[in-house]
Amino acid sequence: MNDLMHHQGMRRRLVDGLRTKGIRDERVLEAIGKVPRHLFMDSGFVKYSYKDQAFPIGAGQTISQPFTVAYQSQLLEVEPNAKVLEVGTGSGYQAAVLLELGAKVFSIERQKELYVKTENLMTELGYRPRLFFGDGYKGLPTYGPFDRIIVTAGAPYLPEDLMDQLKVGGRMVIPLGSYERQEMTVYIKTSEDSYEKQTKGDFVFVPMLKGTAQ
Ligand code: SAH
């Protein structure tokens, strides 16, 4: 598991590119600058790892595009020690960025194969999120409530269990919409039974699916 000078150089250029594309949160840019994205992808794909592109990670899933990771992280407004729930662990890259932001990360993945692969990788890299195999529509009722919730798959509607597990004053960032296209949506929970909603542009994610897959 190597992070070499030329990887670091490519990463600096990626960060400059994200700044040019409008990412303003310096803490997020710093976190992206620290996470060795190439180690979250299969070794044959290293040359693509610092391009601003999504990429296949197996099991029909993708590692999100760096811009999307940066954008969602910026919208989440993570403070150090915040308790963050991520739905859709995938490669673990977004979880690593959240850990670099100082969050305590709880992340759920519905595909067994990815859950196992990413659990091993995170241990190898020295990242310590709490990873769970399960259905993100249900959240993690026994570990909540959370300060922040980030969904990294395209959801057809706002899962009620997730809103229930968000603290009052907390924020949820979730791409909501059809299979083809989703609108990045931010919910700010203003009381036990009310929230404010903001929309932040169109994205395309892999779908948030029900249940688990072995
Ligand atoms: N955050 C990931 C992006 C992964 S793509 C990364 O940084 O690499 C979205 C992931 O969400 C996929 O791995 C997919 O299997 C997972 N997913 C889809 N529906 C889910 C659900 N209901 N619960 C948990 N994970 C889900």
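The model shown is predicted, which means the values in this text are computed figures rather than measured ones.

Visitor: Could you clarify how one ought to interpret the overall build of the protein chain in this entry?
Guide: Counting its regular elements, the protein chain contains six helices and nine strands. What you see for the protein chain is a C-alpha radius of gyration of 16 Å, in line with the 17 Å of a compact globule of 214 residues. In terms of principal-axis extent, the alpha carbons of the protein chain reach across some 50 × 40 × 35 Å. The burial tally for the protein chain puts 51% of its 214 residues in the buried class. Here the contacts in the protein chain between residues at least 6 apart in sequence split such that 53% fall between residues at least 24 apart. A total of about 10,000 Å² of accessible surface is found on the protein chain, and carbon and sulfur atoms cover 50% of it. The centroid of the 27 positive side-chain charges in the protein chain is displaced by 4 Å from the centroid of its 26 negative side-chain charges.

Visitor: I tried to follow unusual backbone geometry on my own but got confused; where do I start?
Guide: The general pattern is negative phi for most residues beyond glycine and trans for most peptide bonds. Along the chain, glycine 144 connects to proline 145 via a cis peptide bond; the corresponding omega equals 0°. Mapped onto the elements, proline 145 comes out in the loop between strand 5 (130-133) and strand 6 (146-151). Of note in the backbone geometry, alanine 59 takes a positive phi value of approximately 55° without being a glycine. Examined against the element boundaries, alanine 59 turns out to sit in the loop between strand 1 (55-58) and strand 2 (61-63). Residue class for alanine 59 comes out partly exposed when judged on its relative accessible area of 26%. In this model, glutamate 77 sits at a positive phi of 50°, which is unusual for a non-glycine residue.

Visitor: Looking at this model, I keep getting lost on the pairing of strand 1. Mind explaining?
Guide: Look at any regular strand and the pattern is simple: side chains alternate between the two faces of the sheet. Here three bridges tie strand 1 to strand 2, and the two strands are oriented antiparallel to one another. Directly across from glycine 58, in strand 2, lies its bridge partner glutamine 61. Two successive antiparallel strands, strand 1 and strand 2, enclose a turn made up of two residues, where alanine 59 displays a positive phi of approximately 55°.

The rules we used
Residues numbered from 1 in each chain as written. Predicted model: local features only at pLDDT ≥ 70, side-chain atom pairs only at ≥ 80, totals over all residues. Heavy atoms only, no water. Helix = DSSP H or I, 4+ residues; strand = E, 2+ residues; numbered from the N terminus. Rg over C-alpha atoms; globule rule 2.2 N^0.38 Å. Buried < 20%, exposed > 50% of the residue type's maximum accessible area, 1.4 Å probe, protein only. Contact = heavy atoms within 4.5 Å. Areas by Shrake-Rupley, 256 points an atom, 1.4 Å probe, with all protein chains shown as cover. Lys, Arg positive; Asp, Glu negative; His and termini not counted. Charge placed at Lys NZ, Arg CZ, Asp CG, Glu CD. Pairing = 2+ DSSP bridges.

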